[in-house]
Amino acid sequence: MKAIIVTDQAAGTAGMKLVERPEPQAAINDVVVQVHASGFTGDELTWSPTWTDRLNRDRAPIIPGHEVAGVVTALGYGTTGLSVGQRVFGLTDWYRDGTLAEYVAVEARNLAPLPGDVDFTLGAALVMPGLTAWQGLFDHGRLRSGLSVLVHGSAGVVGSMATQLAREAGAYVIGTGRAAGRQTALDFGAQEFVDLDSDALQGIGGVDLVFDVLGGDIARRSAGVVRAGGTLVTIAGPTNARVADGRTIDFVVESDRAQLTEIVQRVRDGRLRLNIGNVAALDDAVAAFNPAKRVSGKTIIRVRA
Ligand SMILES: NC(=O)c1ccc[n+]([C@@H]2O[C@H](COP(=O)([O-])OP(=O)(O)OC[C@H]3O[C@@H](n4cnc5c(N)ncnc54)[C@H](OP(=O)(O)O)[C@@H]3O)[C@@H](O)[C@H]2O)c1
């Protein structure tokens, strides 16, 4: 099969190569998915599970990409709940070869059925931002109607999803980002916008939840705007930000069949819009992940036309 591989961590996306690789086999409780659309997160090549297995052994060359939409072509021993020929989508294991390939082996529990009227490109594009926003807002952030949330990077891939889901849940949403992202954030439903380069965060008063995608100093400064009993949730890695009278949570997204089903339903009925910046073929994937100029929005690789 055709696949993108990376061998050298230091080379980053510039080290991506399109090569021939053996097709994966389905292990116990796996399915093999013929990939129709694949997604890759910008800094995946810096994550430790990209380069090692669970025993910390080097697993390069690796196939990156953890978001998939495609069709089941084989079942491993013991696999139940999915069938050959079924359309599926989901998030694959960080420690295994990924989805920038014509086939990928995935634990069946990490996949959900993809409704027949949802394009594979949309299916792949909603997986990572949809699950991350959902889990950050509702599982970890306990957001509900009437509460307020500050969404950092609200014009970005995950932030635009968090903004829409939070609004739909009846929360008051303050988006942040660079000045150039203001209109995009408002279009995704933010009711106010803070330009992090020139507005003071303190100017917004208190919020019940901060949903952080930026980390570092921005996460630390944000801890000060969380109301007593509130929460700072960050997806930008381990943080030393601390909310004085509340919770700080850093987490890594997990696949969840029920949540994928909820989120895809919102895409079907027009309640959620995906932030897709570029769609390219597998043959053009290396160039798509090494653009001459920054592309905002998710890049999706359409592996099968
Ligand atoms: N923990 C997890 O489970 C998990 C899951 C998914 C993603 N992530 C991580 O979350 C992060 C965000 O991902 P994403 O796909 O949403 O990225 P993205 O689309 O680039 O979104 C980031 C947004 O924040 C803005 N921004 C970046 N730096 C800024 C700064 N210093 N000040 C103000 N605005 C700034 C960006 O504006 P510009 O476009 O102008 O730069 C963009 O609008 C990544 O690091 C990703 O790896 C973690």
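See the structure printed just above.
Please read these numbers as outputs of a predicted model, since none were measured by experiment.

## Structural notes on the sheet that holds strand β11 (residues 207–212)
Thinking step 1. Strand order in the open sheet formed by six strands is β10-β9-β8-β11-β12-β13, and the pairing between neighbours is parallel. Lying at the two open borders of the sheet, with one neighbouring strand each, are β10 (192–195) and β13 (247–250). When the angles between neighbouring strand axes are averaged without regard to direction, this sheet yields 15°.
Thinking step 2. The sheet contact formed by strand β8 (residues 148–151) and strand β9 (residues 172–177) spans four bridges and is parallel. Residue pairing for β9: Ser148 is matched across the bridge by Tyr172.
Thinking step 3. Sheet strands in contact with helix α1 (residues 120–140) are β8, β11, β12 (226–234) and β13, and its direction is about 150° off that of β11.
Thinking step 4. Its contacts with the sheet place helix α2 (residues 157–168) against β8, β9 and β11, and it is angled at close to 170° to β8.

## A closer look at the pairing of β9
Thinking step 1. With respect to burial, β9 is a largely interior element, five of its six residues being buried.
Thinking step 2. Tracing the backbone out of β8, into α2 and back to the parallel element β9 gives a crossover that is right-handed.
Thinking step 3. Summarising the sheet, β9 and β10 pair through four bridges and their orientation is parallel. Among the inter-strand pairings, Thr176 is bridged to a residue of β10, identified as Val194.
Thinking step 4. The parallel pair β9 and β10 is bridged by helix α3 (residues 182–187), and the resulting crossover is right-handed.

## A few points about the nonpolar core
Thinking step 1. In this structure, Phe89, Leu126, Leu137, Leu143 and Val149 are the most contacted members of the largest nonpolar core, which totals 46 residues.
Thinking step 2. Elements supplying a minimum of two residues to this core: β4 (67–75), β5 (87–91), α1, β8, α2, β11 and α5 (257–268).
Thinking step 3. Counting residues per element, this core draws most heavily on α1, at ten residues.
Thinking step 4. Not counting residues within four places of it along the chain, the set of residues in contact with Leu126 comprises Phe89, Leu131, Leu260, Ile263, Val264, Val267 and Leu274.
Thinking step 5. Residues Met16, Val31, Ile63 and Val104 belong to the second largest nonpolar core, which totals 33 residues.

## Digging into the pattern of salt bridges
In a structure, side chains of opposite charge can pair up when their charged atoms sit close to one another.
Thinking step 1. The final tally for this structure, using the stated rule, is 16 salt bridges.
Thinking step 2. Taking the shortest distance from any N to any O, the salt bridge between Glu67 and Lys298 comes out at 2.8 Å. Taken as a pair, Glu67 in strand β4 and Lys298 in strand β15 (residues 298–302) lie far apart in primary sequence, 231 residues in all.
Thinking step 3. For Glu67, a relative accessible area of 0% puts it in the buried group.
Thinking step 4. Among the ionic pairs, Glu262 bridges to Arg266, the shortest N-O distance being 2.8 Å. Here the residue Glu262 and the residue Arg266 both occupy positions in helix α5, the gap between them amounting to four residues, near one helical turn.

## Section: the environment of Tyr103
Thinking step 1. If you trace the backbone, Tyr103 turns up in strand β6 (residues 103–107).
Thinking step 2. By relative accessible area, Tyr103 is classed as buried at 18%.
Thinking step 3. Sequence separation between Tyr103 and Gln164 is 61 residues, and the spatial gap between their C-alpha atoms is 32 Å.
Thinking step 4. In this view, Tyr103 contacts Met1, Glu23, Pro24, Val32, Val33, Gln34, Val35 and Thr73; residues no more than four positions away in its chain are not counted.
Thinking step 5. A distance of 3.2 Å separates the side chain of Tyr103 from the side chain of Gln34, its partner in a polar contact.

## What about α2?
Thinking step 1. In this model α2 runs 17 Å from its N-terminal to its C-terminal C-alpha over twelve residues, within 8% of the 16 Å that 1.5 Å per residue would give.
Thinking step 2. Within α2, the full set of buried residues consists of Val158, Gly159, Ser160, Met161, Ala162, Thr163, Gln164, Leu165 and Ala166.
Thinking step 3. Those residues of α2 that are buried are in contact with α1, β8, β9, α3, β11 and α5.

## Quick notes on the environment of Thr261
Thinking step 1. Following the sequence through the fold, Thr261 ends up in helix α5.
Thinking step 2. Along the primary structure Thr261 and Leu114 are separated by 147 residues, whereas in three dimensions their C-alpha atoms are 8.1 Å apart.

Scoring rules and cut-offs
Residues numbered from 1 in each chain as written. Predicted model: local features only at pLDDT ≥ 70, side-chain atom pairs only at ≥ 80, totals over all residues. Heavy atoms only, no water. Pairing = 2+ DSSP bridges. Helix = DSSP H or I, 4+ residues; strand = E, 2+ residues; numbered from the N terminus. Axes fitted to C-alpha atoms, helices over the stretch in contact; angles between N-to-C directions. Contact = heavy atoms within 4.5 Å. Buried < 20%, exposed > 50% of the residue type's maximum accessible area, 1.4 Å probe, protein only. Right-handed = clockwise from strand over helix to strand, strands pointing away. Core = buried A, V, L, I, M, F, W, Y, C linked by side-chain atoms within 4.5 Å. Salt bridge = Lys/Arg side-chain N within 4 Å of Asp/Glu carboxyl O. Polar contact = N/O pair within 3.5 Å; in protein donor to acceptor, adjacent residues only side chain to side chain. Expected span 1.5 Å × (residues − 1).

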